Amino acid sequence: MHKLSWLSGTEWVEHSFAPVYELANIDTPNPRIIVGVPAGDPVVFEQLALLLEPPYFVLYVLHTPRGEEQAGRYQSPELSAEEFRAFITRFAQLLSQDSRFDIWAYSPAERATVVWDRHNQLFCYGPIERFASRLQALGFRSGDPSISVPHQHHYRQECDAQAAELLAALDWSFSPLQPEDEQ
């Protein structure tokens, strides 16, 4: 299963990025790296977030619920590197196969963020050189991580139980969606 499809002729097919990344806004105060996540592999998100100094906060932005809770922003308590890794491992199937959410990892010590959005793209803010070095070590190369158009998102019934478990797994703080979160 996959979270995203694109239209090839008259048929919808799985969208999977090549292992590519792009430097963006380099000459601005907020440079970032945009990464295409091949096959929605949660290891890429995990590896880049763990480059940052713990503790971490996770922001789970539930924009398209399927009955597990209401739409909104769910912020975790502080997580150690071990707790963060365990969280990603436990919910890997949901993270890689469903588009109902975006998820962020934030390091307050470094004021750096890794965002994994519903399009299987990562947006990395902070230590750009560290991110680029890790991506290269993971086999990524410079390229265009653009999403194919038209495309469709998948909100899978098979992931409903794990989505509910995720929201029960931590003592989340809730806030409403921001305008940029809504689909």
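Refer to the preceding data block for the structure.
1. Here we look at the overall build of the chain
Scanning the chain for helices and strands turns up five helices and twelve strands. Scaling as 2.2 N^0.38, a compact globule of 183 residues should have a C-alpha radius of gyration of about 16 Å, and the chain matches this with 16 Å. Taking the principal axes of its C-alpha atoms as reference, the chain extends roughly 45 × 40 × 30 Å. Burial analysis of the chain (183 residues in total) assigns 47% to the buried set. Within the chain, counting contacts between residues at least 6 apart in sequence, those at least 24 apart form 70% of the total. Where the 13 positive side-chain charges of the chain centre and where its 25 negative ones centre are 2 Å apart.

2. Structural notes on the pattern of salt bridges
When charged atoms on two side chains of opposite charge get close, those side chains can pair. On inspection of all chains with the given rule, the structure shows nine salt bridges. Between Arg-66 and Asp-160 there is a salt bridge, with its nearest N and O atoms 2.7 Å apart. One end of the pair, Arg-66, is in the loop between strand 5 (57-62) and strand 6 (72-75); the other, Asp-160, is in helix 5 (residues 160-169), and 94 residues separate them in sequence. Salt-bridge contacts for Arg-100 lead to Glu-68; the nearest nitrogen and oxygen are separated by 3.2 Å.

3. Re the packing of aromatic side chains
In the structure shown here, the tally under the stated rule is eight aromatic pairs. Here Tyr-60 and Phe-101 contribute two aromatic rings whose centre-to-centre distance is 5.2 Å and whose plane-to-plane angle is 25°, an arrangement assigned as stacked. With Tyr-60 in strand 5 and Phe-101 in strand 7 (residues 101-107), the pair connects residues that are 41 residues apart, well separated along the chain. For the pair shown, Tyr-60 and Phe-101 are each scored as buried. Looking at Tyr-60, the relative accessible area reads 0%, which means it is buried. Across from the ring centre of Trp-116, 4.5 Å away, lies the NZ or CZ of Lys-3, which sits over that ring.

4. Comments concerning the packing of helix 1 (residues 42-49) against helix 2 (residues 81-90)
Where helix 1 meets helix 2, the axes come as close as 10 Å, and the angle between the chain directions of the two elements is 170°. With respect to helix 2, the element helix 1 is oriented roughly antiparallel. Residues Pro-42, Phe-45, Glu-46 and Ala-49 of helix 1 form the contact with helix 2, whose participating residues are Phe-84, Arg-85 and Ile-88. Looking at the contact of helix 1 with helix 2, its residues break down into five nonpolar, no polar and two charged.

Definitions and cut-offs
Residues numbered from 1 in each chain as written. Predicted model: local features only at pLDDT ≥ 70, side-chain atom pairs only at ≥ 80, totals over all residues. Heavy atoms only, no water. Helix = DSSP H or I, 4+ residues; strand = E, 2+ residues; numbered from the N terminus. Rg over C-alpha atoms; globule rule 2.2 N^0.38 Å. Buried < 20%, exposed > 50% of the residue type's maximum accessible area, 1.4 Å probe, protein only. Contact = heavy atoms within 4.5 Å. Lys, Arg positive; Asp, Glu negative; His and termini not counted. Charge placed at Lys NZ, Arg CZ, Asp CG, Glu CD. Salt bridge = Lys/Arg side-chain N within 4 Å of Asp/Glu carboxyl O. Phe/Tyr/Trp six-rings, centres within 6.5 Å; stacked < 30°, edge-to-face > 60°. Lys NZ or Arg CZ within 6 Å of the ring centre and 35° of its normal. Axes fitted to C-alpha atoms, helices over the stretch in contact; angles between N-to-C directions. Parallel < 35°, antiparallel > 145°, perpendicular 65-115°, else oblique. Nonpolar A, V, L, I, M, F, W, Y, C, P; charged D, E, K, R; others polar.

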